[in-house]
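# A closer look at the structure
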Amino acid sequence: MTHRGNTGLVYHLKFMTLLFALSPELLFLGAGVQLQDNGYDGLLVAINPQVPENPNLIANIKEMITEASFYLFNATKRRLFFRNIKILIPATWKAHNYSKVKQESYEKANVIVTEWKGIHGDDPYTLQHRECGKEGKYIHFTPNFLLNDELTAGYGSRGRVFVHEWAHLRWGVFDEYNNDKPVYINGRNEIQGTRCSSDITGVFVCEEGLCPEENCIISKLFKEGCTFLYNRTQNTTGSIMFMQSLPSVVEFCNSSTHNQEAPNLQNQLCSLKSTWDVIAGSSDFNHSLPMNGAELPPPPTFSLMQAGDKVVCLVLDVSSKMAEEDRFLRLQQATELYLMQIVEIGTFVGIVSFDSKGEIRAQLHQISSDDDRKLLVSYLPTTVSAESEMSICSGLKKGFEVVEKLNGRAHGSVMILVTSGADEHLSNCLLTVLSSGSTVHSIALGSSAAGNLEELSRLTGGLKFFVPDKSASNSMNDAFSRMSSGTGDIFQQSIQPGLWTYTLNNTHHSPQALTVTVASRASSPVRPPVTVNAFVERDSTYFPHPVTIYANVRKGLNPILNATVMATIETETGDPIMLKLLDNGAGADVIKNDGVYSRYFFSFAVSGRYSLTVHVHHSPSISTLAHSVPGSHAMYVPGYIANDNIQMNAPKTPGHKSEEEQWGLSRVSSGGSFSVLQVPTGPHPDMFPPCKIIDLEAVKMKDEVILSWTAPGEDFDQGQATSYEIRMSRSLRSIQGDFNSAILVNTSELNPQQAGNREIFTFSPKLFANEPDHGPDGEIQGNHGVYVAMRATDRNSLKSAVSNVALVSLLLPLHSAPALSRDNLILKGVLIAMGLVGIICLTIALIHWTLNRKRRVLKEENGTKLL
């Protein structure tokens, strides 16, 4: 065992040495966005096939990113800009001499353009599923946002919006506004708008009806019809993550301008750090310096590409090792399932088998009917070879030979590679694979499969799977079911559903092991199906670092809530591990109710490959569909104050909200494979503390403070912690920088619940109620707030990180910003106008009276003279 492990390590080192020797252009083919010499290369924008063809869409995308490049360059202090952009045109649009795709696809896009039926309408947003400082999934724009120029009044220019969303996606920062808490009471007992920086000025106004004369606030909440409008003209330059539409905003909030008290996601999830501090700590900044001189970078260059015919080649291992553990039988079943039910109509499919040599079993054949599918099934291998040696390179080269007969190139094709053996010569064809323009999906069967097999998939942007040698495992079928064309057309994709009734009748004399897989497609061309996308945070990890498992459950783009999502993790040895994923905004789950279910996984049994499958169930009696996506949206500003006048923007057009449907669902999705290294073979000490509490909230009720949060676990977000440590301080800086020195709250009667439960704890802050707050110079400060934070401890005294900081005011607000309602502004204008008219009328009357009086005097004088 040791010898084989060392040999595998040597092969891996040789493989990595070859990677470093290759040109950067080849390495970056499937690697997504790369930063070189201050410029981003490889940014992929993809238009969904359901979007109607419109050339203005392409022109506006170019204009948006060009503006964004210069805006980003200045906002990052001459560090970063966009250099090369790819725009993926859907195959449903007419061909206009676009270049053909290589390994690009809709599913790999950094930016997607598609319709959305949610209530947020045309809000641009970024799907952020990871913690602060980590990259998100994608940026989403609707076609209407990109085509309707009237929307720029509320969102700002499209280039500014793009930079706002890019900061979400690339650097993992969060919004600095809060639509749910647009105002708050700060530590000085003042009512403030939730913003960054706090130097941005504005006034309270009414959108409907009259406002109270004193203010718009009742018990810390907006009175119905009130809002807070910001002045159009500002003196401050930040922040892009608050309101990018303000003309003066050209940078991110930094440590000197950041508003740490504002109740926004940036403060909650980034430990009160400013957006600039998070961005400055990214690898982009660590590997770049400001550009010299005063010149701007060149504008971005754009490559327009379009997918051609869908081409797939099955590259199947038939060496003698495939006869072990029923591997070949399961391969036959899975490939037949793929050909009969999974692969889309119109796809060209070829079949290759290999042992030490490759063999073409079927040239490309286009699927247009069930007869075509059955014909391809007949070409599948039926027996294994007598040879134990196998050559992956030989199989792949035959695969390229097959697909190149269609268009002379392998660009845009897909190789589905299935193998069970080790291949020390795999690096010999690495250059050929990378330069082919093909995407390689790999399926490793058993523990002896080539250790560097996954690198082919990673470098070409393909999926990778691991199938353990267990007869009860359905991982092979799940893997083939996951492989779609990647076009983004969910109406054509095969889906593994459940809730089927079936009967099995064994006609054999001995017991038989069977697995049942049902695949289907969307039942309606206008109603999107529910889809599940399961994945892990990283391809590999080292013990004891956990792996975060995710499942994105959606109907179209709308999140599915309250589903039961179970992850099954399998290794080569031992029983499968079941783990329930949650969408509760705690632990590994960053945003609550966003349809992304998450959980930490750390129950590592052995070093090696792990397989992930996710099952989703939903009862028809439970509320299902969310019509909004919580999290990261660009703000639509309802209006501004300009020259003391209200300038309201057009009301944001609400999106479509369908009636609440009552239906159940069941889905299965493979999450691929991941590797864990250096797992101890024997018992090891507890190395997993409780996870950080990220949703601590505090409110004041009469003379008490009520805290609420989601319970962490004994180990990360699982199990039951032993105790809580809650501390409070009058100083935000003190509790943030020196938690141990803050005042300890008595929690002797507070016993933690199981992870995931909602905790509520009430205490009296009398210690602070009558105590003046003294500053460094001995003067009493005007701070009437209490800052509260906490952490959890497990039975081995391992402590979690300190939670987010919650602020609660001990007094009712003494004063607030004056309510300057729209009606009052109008009334003020009317009164001024009436006053001016009155003065003018009075002046005219006085002049008229004076003239008449003079006429009478003159008449009398003339009459006297006549007498």
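None of these values were measured; they are calculated from a predicted model.

### So, the overall build of the chain
For the chain, the helix and strand inventory stands at 19 helices and 42 strands. Counting only residues that meet the buried cut, the chain has 51% of its 867 residues in that class. Once local pairs closer than 6 in sequence are excluded, the contacts in the chain between residues at least 24 apart make up 75%.

### What about the side chain of Ser598?
Looking at the element boundaries, Ser598 is found in strand E28 (residues 596–601). Setting aside its immediate chain neighbours within four residues, Ser598 contacts Ile549, Tyr550, Leu581, Leu582, Ala588 and Asp589.

### Looking at the environment of Val553
Its location among the elements puts Val553 in strand E24 (residues 547–555). Among the residues examined, Val553 registers a relative accessible area of 0% and is labelled buried. Each C-alpha atom of the pair Val553 and Tyr597 lies 7.6 Å from the other, and the pair is 44 residues apart in sequence. If we ignore the near neighbours within four places in the chain, the residues touching Val553 are Val530, Thr531, Val532, Asn558, Pro559, Ile560, Val565, Gly595, Tyr597 and Val616.

### With respect to empty space enclosed by the protein
Under the criterion given, the structure shown has 3 cavities of 30 Å³ or more. In this structure, the largest cavity occupies an estimated 80 Å³ of space. Along the wall of the largest cavity there are 14 residues; nearest its centre are Asn584, Ala586, Gly587, Asp717 and Gly756. Estimates place the volume of the second largest cavity at around 40 Å³. If you trace the second largest cavity, you find it lined by Thr126, Leu127, Gln128, Ile591, Asp594, Val629, Pro630, Gly631 and Ser632. Considered class by class, the residues forming the lining of the second largest cavity number 4 nonpolar, 4 polar and 1 charged.

### Some thoughts on the state of the cysteines
Defined simply, a disulfide is a covalent bond joining two cysteines at their sulfur atoms. Counted by the stated rule, this structure contains 3 disulfides. With a sulfur-sulfur separation of 2.1 Å, Cys132 is cross-linked through a disulfide to Cys270. A torsion of 105° about the S-S bond marks the disulfide between Cys132 and Cys270 as right-handed. With Cys132 in the loop between strand E6 (125–126) and strand E7 (139–141) and Cys270 in the loop between helix H8 (265–269) and helix H9 (275–280), this pair connects stretches of sequence that are 138 residues apart. Cys270 gets classed as buried once you look at its relative accessible area, which sits at 3%. A sulfur-sulfur distance of 2.2 Å marks the disulfide that ties Cys393 to Cys429.

### Here we look at the sheet that holds strand E35 (residues 704–710)
Ordered in space as E34-E35-E38, the 3 strands form an open sheet in which the pairing is antiparallel. Whereas interior strands pair on both sides, the edge strands pair on one side only; in this sheet they are strand E34 (697–701) and strand E38 (758–763). Across this sheet, the average inter-strand angle for adjacent strands is 20°, counted without regard to direction. When E34 meets E35, the two strands line up antiparallel, connected through 5 bridges. In the strand pairing of E35, Ala698 is matched with Leu707.

### Considerations on the packing of helix H3 (residues 55–75) against helix H6 (residues 158–171)
Closest axis-to-axis distance for the H3/H6 pair is 8 Å, and the angle between their directions is 70°. If you check the angle between H3 and H6, you find them roughly perpendicular. Together, Asn60, Met64, Ile65, Glu67, Ala68, Tyr71 and Leu72 of H3 and Arg158, Gly159, Arg160, Phe162, Val163, Trp166 and Trp171 of H6 make up the contact between the two elements. Of the residues belonging to the contact of H3 with H6, the class tally is 9 nonpolar, 2 polar and 3 charged.

### What about the packing of helix H11 (residues 327–342) against helix H12 (residues 370–378)?
One way to put it is that H11 packs onto H12 with a least axis distance of 9 Å and a crossing angle of 165°. As the angle between them shows, H11 and H12 are arranged roughly antiparallel. Regarding H11 and H12, the two cross each other, and that crossing is right-handed. Together, Glu336, Leu339, Met340 and Gln341 of H11 and Arg373, Lys374, Leu376 and Val377 of H12 make up the contact between the two elements. Along the lines of polarity and charge, the residues of the contact of H11 with H12 split into 4 nonpolar, 1 polar and 3 charged.

### Re the sheet that holds strand E19 (residues 439–445)
Taken in spatial order, the 6 strands make up an open sheet running E17-E16-E15-E18-E19-E20, and their pairing is mixed. Edge positions in the sheet fall to strand E17 (358–366) and strand E20 (464–467), since each of these pairs with one other strand and no more. Mean inter-strand twist for the sheet, computed between neighbouring axes without regard to direction, equals 15°. As paired strands, E19 and E20 are joined by 4 bridges and run parallel to one another. Bridge assignment links Ala444 to a residue of E20, and that residue is Phe466. Sheet strands touched by H12: strand E16 (348–354) and E17. Its angle to E17, the strand with the most contacts, is close to 175°. The sheet strands contacting helix H16 (residues 475–482) are strand E15 (311–317), strand E18 (414–419), E19 and E20, and the helix crosses E20 at an angle near 165°.

### Quick look at the packing of aromatic side chains
According to the stated counting rule, one finds 31 aromatic pairs in the structure shown. Here Tyr610 and Phe674 contribute two aromatic rings whose centre-to-centre distance is 5.4 Å and whose plane-to-plane angle is 10°, an arrangement assigned as stacked. One end of the pair, Tyr610, is in strand E29 (residues 608–618); the other, Phe674, is in strand E33 (residues 665–677), with 64 residues separating them in the sequence. Residue classification places Tyr610 among the buried positions, given a relative accessible area of 0%. An aromatic cluster is present here, built from Phe543, Tyr600, Phe601, Phe602, Phe604, Tyr610, Phe674, Phe688 and Phe716 joined pairwise through their rings.

### Things to note about the pattern of salt bridges
One pass over the structure, following the stated rule, counts 26 salt bridges. Taking the shortest distance from any N to any O, the salt bridge between Glu324 and Lys321 comes out at 3.7 Å. Accessibility expressed as a relative area gives 37% for Glu324, which makes it partly exposed. Here Arg609 ties to Glu454 by a salt bridge, and the two come within 2.4 Å at their closest N and O atoms. Remark: Glu454 occurs in helix H15 (residues 453–460) and Arg609 occurs in strand E29; sequence separation between them is 155 residues. The network of salt bridges with shared partners includes Lys321, Glu324, Arg327, Arg330 and Asp469.

### Considerations on the side chain of Ser245
Relative to the helices and strands, Ser245 resides in the loop between helix H7 (240–243) and H8. Exposure remark for Ser245: the relative accessible area of 6% places this residue in the buried category. A distance of 2.8 Å separates a polar atom in the side chain of Ser245 from a polar atom in the side chain of Tyr640.

### Looking at unusual backbone geometry
Note that the residue after Gly238, namely Ser239, is joined by a cis bond; omega there is 25°. Tracing the backbone shows Ser239 in the loop between strand E13 (226–231) and H7. Cis geometry is found at the peptide bond from Phe543 to Pro544, where omega equals 10°. Of note, Pro544 is situated in the loop between strand E23 (540–542) and E24. In the Ramachandran plot, Lys77 falls in the positive-phi region, its phi being about 60° despite a non-glycine side chain. Tracing the backbone shows Lys77 in the loop between H3 and strand E3 (81–89). Since its relative accessible area comes to 41%, Lys77 is described here as partly exposed.

About the criteria used
- Residues numbered from 1 in each chain as written.
- Predicted model: local features only at pLDDT ≥ 70, side-chain atom pairs only at ≥ 80, totals over all residues.
- Heavy atoms only, no water.
- Helix = DSSP H or I, 4+ residues; strand = E, 2+ residues; numbered from the N terminus.
- Buried < 20%, exposed > 50% of the residue type's maximum accessible area, 1.4 Å probe, protein only.
- Contact = heavy atoms within 4.5 Å.
- 1 Å grid on protein atoms, 1.4 Å probe; cavity = no way out; pocket = protein on both sides within 12 Å on 5 of 7 lines; lining within 4 Å.
- Points joined across faces, edges and corners; volume = space filled by probe spheres on them.
- Nonpolar A, V, L, I, M, F, W, Y, C, P; charged D, E, K, R; others polar.
- Disulfide = S-S within 2.5 Å.
- Pairing = 2+ DSSP bridges.
- Axes fitted to C-alpha atoms, helices over the stretch in contact; angles between N-to-C directions.
- Parallel < 35°, antiparallel > 145°, perpendicular 65-115°, else oblique.
- Left-handed = near helix turned anticlockwise from the far one by under 90°.
- Phe/Tyr/Trp six-rings, centres within 6.5 Å; stacked < 30°, edge-to-face > 60°.
- Salt bridge = Lys/Arg side-chain N within 4 Å of Asp/Glu carboxyl O.
- Polar contact = N/O pair within 3.5 Å; in protein donor to acceptor, adjacent residues only side chain to side chain.

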